[in-house]
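Each chain is listed here by its residues.
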Amino acid sequence: MSADAASAVLDPQSLAAFRRVCDLAPFPVLDDLSTARAVSVLAGVELLVTGWGCPPLDADVLRAAPRLRAVVHTAGSVRGHVTDACWDRGIEVSSAAAANALPVAEYTLAMILLSGKRVLERARDYRTTRARGNWLRTSRGVGNYRRTVGILSASLIGRRVIELLRPHDVEVLLHDPYVSEAEAAALGVEAVGLPELFARCDTVSVHTPLLPATRGLVGRELIESMPADAVLVNTSRGAVVDQAALTDAVLAGRVRAVLDVTDPEALPADHPLWDCEHALITPHLAGSEGNEWRRLADLALDETTRWASGAGFLHPVRRERLAFLA
C-alpha cells in the first residue's frame, strides 16, 4: 500500500496486534513491488496485507512471491490490484468492504433524513434572515413521515442502509435485478422495477457498483420521471449517473441532489452545481475516514488471525462474484 495509506489505517496499536499474530515484514511498506527490497521481502511472504495504493499483483510479482497464498485488503474494492494471475494461482482474498460499508450507510441515512426535513436549506435561510418565520405554514412536502425511499442495488452498503432505515416511518423500495421478491420481502422492502423506483420515490439512494453494465444507468429518462422535489443521493460512483441530465434537473429546481461522488471527480471549478442551492456536494467523504480507519484495520487483523489459524476468511472475495462487485 502507499505510505499514506499505511500511516492512516495501521496505527501503532494495530501494528502491534498484527505482530502478535504473524511475522510482519519491517517497515517501510512496499509501494513499489519491483525494487530489490520488494523482491527480497516477497520471496518469503505467505500473506500480503494490502491497502490503497497497492500496485497490481501481476504475474511478475507472483513469480517473485512463490509462497504467497493469501491477500487481506484493508479497503473495499480489490479490482485495482488483485489480477487474474492471483485468481489463476488460487490465492485466497479477503476485503474490508463490509467494514467500509457502515460509514457510507450512516452518511446515506443522515442525508436521507436531513434532506427530507430540508435541514441544510432551512439552516441557510435562517442564517440569512435571523428569523424563524411561521413554522405552522411549513410545506407538507417537508418531513420524513411516510416518505418513500428507493434503494438502487442491494449491495453491502445498500443492505446496510435498509437496516438503518427500519426504525423510521418510511416505506422502502428496492431495485436489484439479482434479488427476488421473496428475498426483498425478507429484507423488509418492496422489490420494484427500475422505472417504478424512480417514479414512486421521494428519495432515491444509489448503491450500485460501477460496472460496464451500470455506467450511465441512471439516465435522463429516469431522472425526469422523479416526483417534483425528489432527492437523488449518490454515494457509489459518479459515472453510474448521467451527470449532465442530473445537472439539468437540479438547475431547473425539479429535483435535489446529494452527491458524495460526481463525474468527473471533482467537478470543474466553474460547474454550475457548485453554486446551486438544490445540490449538496461533499468530497467523497462517506467512506472510512479518521477514527473509522481503525475499523478497517480491526477487520483485516481478524481475517489474518482466522487465516493463520486455518479457520479461513469470514469476508472472502470470490472470483465468480467479481462481475457484481465494485
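So, how was this worked out
- Residues numbered from 1 in each chain as written.
- Predicted model: local features only at pLDDT ≥ 70, side-chain atom pairs only at ≥ 80, totals over all residues.
- Heavy atoms only, no water.
- Helix = DSSP H or I, 4+ residues; strand = E, 2+ residues; numbered from the N terminus.
- Buried < 20%, exposed > 50% of the residue type's maximum accessible area, 1.4 Å probe, protein only.
- Contact = heavy atoms within 4.5 Å.
- Areas by Shrake-Rupley, 256 points an atom, 1.4 Å probe, with all protein chains shown as cover.
- UniProt positions renumbered as here; feature names shortened; annotations may be inferred.
- 1 Å grid on protein atoms, 1.4 Å probe; cavity = no way out; pocket = protein on both sides within 12 Å on 5 of 7 lines; lining within 4 Å.
- Points joined across faces, edges and corners; volume = space filled by probe spheres on them.
- Nonpolar A, V, L, I, M, F, W, Y, C, P; charged D, E, K, R; others polar.
- Pairing = 2+ DSSP bridges.
- Axes fitted to C-alpha atoms, helices over the stretch in contact; angles between N-to-C directions.
- Parallel < 35°, antiparallel > 145°, perpendicular 65-115°, else oblique.
- Left-handed = near helix turned anticlockwise from the far one by under 90°.
- Salt bridge = Lys/Arg side-chain N within 4 Å of Asp/Glu carboxyl O.

**Regarding the overall build of the protein chain**
Here's step 1: The helix and strand tally for the protein chain stands at 13 helices and 10 strands.
Here's step 2: Along the longest, intermediate and shortest principal axes, the C-alpha atoms of the protein chain span 70 × 45 × 35 Å.
Here's step 3: Per-residue burial over the protein chain gives 46% buried out of 326 residues.
Here's step 4: In the protein chain, once contacts between residues fewer than 6 apart in sequence are set aside, the share between residues at least 24 apart is 62%.
Here's step 5: Just so you have it, the protein chain exposes about 16400 Å², and 53% of that area is on carbon and sulfur atoms.

**Focus on the UniProt feature "domain: D-isomer specific 2-hydroxyacid dehydrogenase catalytic" (unreviewed entry) in the protein chain**
Here's step 1: Per the UniProt record, the feature "domain: D-isomer specific 2-hydroxyacid dehydrogenase catalytic" (unreviewed entry) sits at residues 27-310.
Here's step 2: A helix fraction of 37% and a strand fraction of 15% characterise residues 27-310, whose end C-alpha atoms lie 26 Å from each other.

**Section: the layout of surface pockets**
Here's step 1: Within this model, the second largest pocket holds a volume of roughly 690 Å³.
Here's step 2: Taken together, 31 residues make up the lining of the second largest pocket; nearest its centre are L24, A25, V45, L47 and V49.
Here's step 3: Listing elements by their share of the lining of the second largest pocket, those giving two or more residues are α2 (12-21), α3 (36-42), β1 (47-50) and α13 (293-309).
Here's step 4: When residues in the lining of the second largest pocket are grouped by element, the largest group, 4 residues, is from β1.
Here's step 5: Taken together, the residues that form the lining of the second largest pocket break down as 24 nonpolar, 3 polar and 4 charged.

**A look at the sheet that holds β1**
Here's step 1: Strand order across the open sheet formed by 3 strands is β1-β2-β3, with parallel pairing between neighbours. Because the sheet does not close on itself, it has two edges, and the strands there are β1 and β3 (92-95). Pairwise comparison of adjacent strand axes, ignoring direction, gives a mean angle of 15° for this sheet.
Here's step 2: Bridge count for strand β2 (residues 70-73) against β3 is 4 bridges, and the pairing is parallel. If you follow V71 over to β3, its bridge partner there is V93.

**Description of the packing of helix α6 (residues 97-116) against helix α8 (residues 156-165)**
The geometry of a pair of packed helices is captured by two quantities: the angle between their axes and the separation between those axes.
Here's step 1: Relative orientation of the contacting elements α6 and α8 amounts to 50°, with a least axis distance of 8 Å. In this view, α6 runs oblique relative to α8, as classed from their interaxial angle. Every pair of crossing elements has a handedness; the one defined by α6 and α8 is right-handed. Note on element contacts: α8 touches α6 through L156, I157, R160, V161, L164 and L165, opposite A97, A98, A101, L102, V104, A105, E106, T108, L109 and I112.
Here's step 2: When its residues are assigned to classes, the contact of α6 with α8 shows 13 nonpolar, 1 polar and 2 charged.

**Considerations on the UniProt feature "domain: D-isomer specific 2-hydroxyacid dehydrogenase NAD-binding" (unreviewed entry) in the protein chain**
Here's step 1: Following the UniProt record, one finds the feature "domain: D-isomer specific 2-hydroxyacid dehydrogenase NAD-binding" (unreviewed entry) at residues 121-286.
Here's step 2: Secondary structure content for residues 121-286 is 28% helix and 19% strand, while the C-alpha to C-alpha distance between its ends is 20 Å.

**Details of the sheet that holds strand β7 (residues 203-206)**
Here's step 1: What the 7 strands build is an open sheet, ordered β6-β5-β4-β7-β8-β9-β10; its pairing is parallel. The sheet is open, and its two edges are formed by β6 (190-191) and β10 (279-281), each paired on a single side.
Here's step 2: Pairing of strand β8 (residues 230-234) with strand β9 (residues 255-259), which is carried by 5 bridges, proceeds in the parallel orientation. Bridge assignment links L232 to a residue of β9, and that residue is A257.

**Topic: the environment of V39**
Here's step 1: Tracing the chain through its elements places V39 in helix α3.
Here's step 2: It is 5.9 Å that separates the C-alpha atoms of V39 and A64, two residues lying 25 residues apart in sequence.
Here's step 3: Excluding its chain neighbours within four sequence positions, the residues that come into contact with V39 are L33, S34 and A64.

**Remarks on the pattern of salt bridges**
Side chains that differ in charge, positive against negative, can pair when their charged atoms come close.
Here's step 1: In total, this model carries 17 salt bridges according to the counting rule given.
Here's step 2: The residue R63 makes a salt bridge to D60 at a minimum N-O spacing of 2.1 Å. With a gap of 3 residues between them, R63 and D60 both fall in helix α4 (residues 59-64), about one helical turn apart. Accessibility classification places R63 together with D60 in one group, the exposed group.
Here's step 3: Across the pair D125 and R124 runs a salt bridge whose closest N-O atoms are separated by 3.3 Å.
Here's step 4: With a relative accessible area of 39%, D125 lands in the partly exposed category.
Here's step 5: The class for R124 is partly exposed, based on a relative accessible area of 28%.
Here's step 6: Residues participating in the shared-partner salt-bridge network are R118, E121, D229 and R256.

**What to know about the environment of L187**
Here's step 1: Turning to its location among the elements, L187 is positioned in helix α9 (residues 181-187).
Here's step 2: Separated by 25 residues in the primary sequence, L187 and I162 place their C-alpha atoms 7.6 Å from one another.

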